[in-house]
Amino acid sequence: MLKIGVLGAGHLGKIHLRLLQQSSLFDLVGFYDPNAENAQKVAQEFGYHSFDSISELIHAVDVVDIVTPTLSHFDCAKEAIQAGKHVFLEKPISNTVAEAEELIALAKKHGVKGQVGHVERFNPAFTAVRDFIKNPMFIETHRLAEFNPRGTDVPVVLDLMIHDIDAILSVVQSEVKNIHASGVAVISDSPDIANARIEFENGCVANITSSRISMKNMRKSRFFQKDAYISVDYLEKVSEIVRMQDAPEQPGDFDMILQNAEGVKKQIYFDHPKVEKNNAILDELETFAKAITDNSTPIVTLQDGTKALQVAYQIIESMQQISG
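Peer 1: Mind showing me how you'd approach the overall build of the chain here?
Peer 2: Helix and strand content of the chain: nine helices and 14 strands. The globule rule puts the C-alpha radius of gyration for 324 residues at 20 Å, and the 22 Å found for the chain is close to it. Over its C-alpha atoms, taken along the principal directions, the chain stretches across nearly 75 × 50 × 40 Å. A sequence separation of at least 24 residues applies to 68% of the contacts in the chain between residues at least 6 apart. For the chain, the accessible surface area stands at approximately 16100 Å², while carbon and sulfur atoms represent 49% of it. Of the charged side chains in the chain, 31 are positive and 44 negative; the average position of the first set lies 3 Å away from that of the second.

Here is the structure:
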């Protein structure tokens, strides 16, 4: 079993601690939190060992799980990597692209693996259809959340939209060509609602909307490709594939047939893939454990996290140009 320690025992950090204690692939050694009062409370309530310093924790483990505020990701990861430890970093990977690129270089130099916590890649609704998404040419996503003061210290692009940016980059095998975006700061000092149009070199277009001031929660994506439409509801854990194939010469009474202006007939098929129940956070952590033990590539690499962050900042820059 891999010895693991958690940096940060806030809301998400406590979730990681609980799941790691349940995991059969990790041996949870303990955690470190700079807030002494919170650290003592978590240690007493749940029985986890609380380390006195980051360095002490790092030297006691094989893997460091970094669930701290984004501003501290780089310093925590740098110290862990330089000590020869594998790192799991919550999203976004770091505060700047330059920091992320340095972490990639350090991980390569010290021969350790890293994974970024883009948890929607492990959402069962997404994994159920991932292999059916092939060369999408139009993508539309809506990620809407009710207002929560936690997370408003960063733009909604880094808070919410980055989930969809990563998922989109994982299925579009093409470089970004152009980005046009707009956003509005309604309650916070940074944008609370944003829309971005990403154009790729291969002609694919992604239209992404994120909001943290909505009346209801929504996390949906739709992927359009030749002869197929795929929808993913990350919140309700439901997926649907609508396929079109050449219509049979003798269609059945209940077959749904469409005919275009040229007279070509297509039959529509509806498929609802089985969505397996899972805990996406536990899955992302345990697949990282397997990548370490098998010496394979993590599902969400440091490079993936860096690309998502790079696009996120391009979107923020586009918004600033419009507002400026």
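Peer 1: Help me understand the nonpolar core in this model?
Peer 2: Grouped burial of nonpolar side chains is what soluble globular proteins tend to show. Val64, Val157, Ile165 and Ile315 are the most contacted members of the largest nonpolar core, which totals 65 residues. Per-element accounting of this core gives the leading share, 10 residues, to helix α7 (residues 156-171). Other than its neighbours up to four places away in sequence, Val64 contacts Gly5, Leu7, Leu57, Ile58, Ala80, Lys85, His86, Val87 and Phe88. If you look at the next biggest cluster of nonpolar residues, it comprises 22 residues, including Leu2, Val42, Val63 and Ile281.

Peer 1: Please explain the sheet that holds strand β5 (residues 114-117) as it appears in this structure.
Peer 2: Working definition: the strands of a sheet are paired by backbone hydrogen bonds and lie parallel or antiparallel to each other. With respect to topology, five strands assemble into an open sheet ordered β2-β1-β3-β4-β5, the strand pairing being parallel. One side of each edge strand has no neighbouring strand; the edge strands of this open sheet are β2 (26-32) and β5. The sheet shows a mean angle of 20 degrees between the axes of neighbouring strands, direction not considered. Where strand β4 (residues 86-90) meets β5, four bridges bridge the pair, whose relative direction is parallel. Looking at β5, one finds that Phe88 is bridged to Gln115. Packed on one face of the sheet, helix α4 (residues 73-82) meets β1 (2-7), β3 (63-66) and β4 and runs near 170 degrees to β4. In this fold helix α8 (residues 280-294) packs onto β1, β2, β3, β4 and β5, with an angle of close to 155 degrees to the strand it touches most, β4.

Peer 1: Would you take a moment to explain the environment of Ala228 for this structure?
Peer 2: Along the chain, Ala228 turns up in strand β11 (residues 228-233). Taking the C-alpha atoms as reference, Ala228 lies 17 Å from Ala125; in sequence the two are 103 residues apart. Excluding residues that lie within four positions of it along the chain, Ala228 makes contacts with Phe223, Val242 and Arg243.

Peer 1: For this particular structure, what's the right way to read the side chain of Ser23?
Peer 2: On the secondary structure map, Ser23 appears in the loop between α1 (11-22) and β2. At a separation of 2.6 Å, a polar atom in the side chain of Ser23 contacts the side chain of Glu286. Residues within four places of Ser23 in sequence aside, it is in contact with Met1, Leu282 and Glu286.

Peer 1: Would you take a moment to explain the packing of aromatic side chains for this structure?
Peer 2: Working definition: an aromatic ring pair is given by the centre-to-centre distance plus the angle between the planes. Taken as a whole, this structure holds five aromatic pairs when the rule is applied. For the pair Phe88 and Phe288, a centre-to-centre distance of 6.2 Å together with 55 degrees between the ring planes defines the contact as tilted. Taken together, the residues Phe88 in strand β4 and Phe288 in helix α8 connect sequence positions 200 residues apart. Take Phe88 and Phe288: they sit in the same class, and that class is buried.

Peer 1: Before we go on, may I ask you to explain the environment of Thr287 in this structure?
Peer 2: Tracing the backbone shows Thr287 in helix α8. According to the relative accessible area criterion, Thr287 is partly exposed, its value standing at 23%. Note: C-alpha distance between Thr287 and Ile208 (79 residues apart in sequence) is 28 Å. Discounting residues that sit within four places of it in the chain, Thr287 has contacts with Gln115, Phe122 and Ile299.

Peer 1: Whenever I open this one, unusual backbone geometry confuses me. Can you help?
Peer 2: Negative phi values dominate among residues other than glycine, just as trans dominates among peptide bonds. That bond from Lys91 to Pro92 is cis: its omega, -15 degrees, falls within 30 degrees of zero. Summarising the element assignment, Pro92 is placed in the loop between β4 and α5 (97-110). One non-glycine residue, Asp227, lies in the positive phi region at around 65 degrees. Within the secondary structure layout, Asp227 lies in the loop between β10 (218-225) and β11. For Lys237, which is not glycine, the phi dihedral falls at a positive 60 degrees. Residue position: Lys237 is located in the loop between β11 and β12 (238-246).

Peer 1: Even after reading the chapter, I still don't get the environment of Lys113, so can you show me in this structure?
Peer 2: Residue placement: Lys113 occurs in the loop between α5 and β5. Each C-alpha atom of the pair Lys113 and Lys277 lies 28 Å from the other, and the pair is 164 residues apart in sequence. Sequence-distant contacts of Lys113, that is, excluding residues within four places in its chain, are made with His86, Val87, Phe288, Ala291, Ile292, Asn295, Ser296 and Pro298.

What counts as what
Residues numbered from 1 in each chain as written. Predicted model: local features only at pLDDT ≥ 70, side-chain atom pairs only at ≥ 80, totals over all residues. Heavy atoms only, no water. Helix = DSSP H or I, 4+ residues; strand = E, 2+ residues; numbered from the N terminus. Rg over C-alpha atoms; globule rule 2.2 N^0.38 Å. Contact = heavy atoms within 4.5 Å. Areas by Shrake-Rupley, 256 points an atom, 1.4 Å probe, with all protein chains shown as cover. Lys, Arg positive; Asp, Glu negative; His and termini not counted. Charge placed at Lys NZ, Arg CZ, Asp CG, Glu CD. Core = buried A, V, L, I, M, F, W, Y, C linked by side-chain atoms within 4.5 Å. Buried < 20%, exposed > 50% of the residue type's maximum accessible area, 1.4 Å probe, protein only. Pairing = 2+ DSSP bridges. Axes fitted to C-alpha atoms, helices over the stretch in contact; angles between N-to-C directions. Polar contact = N/O pair within 3.5 Å; in protein donor to acceptor, adjacent residues only side chain to side chain. Phe/Tyr/Trp six-rings, centres within 6.5 Å; stacked < 30°, edge-to-face > 60°.

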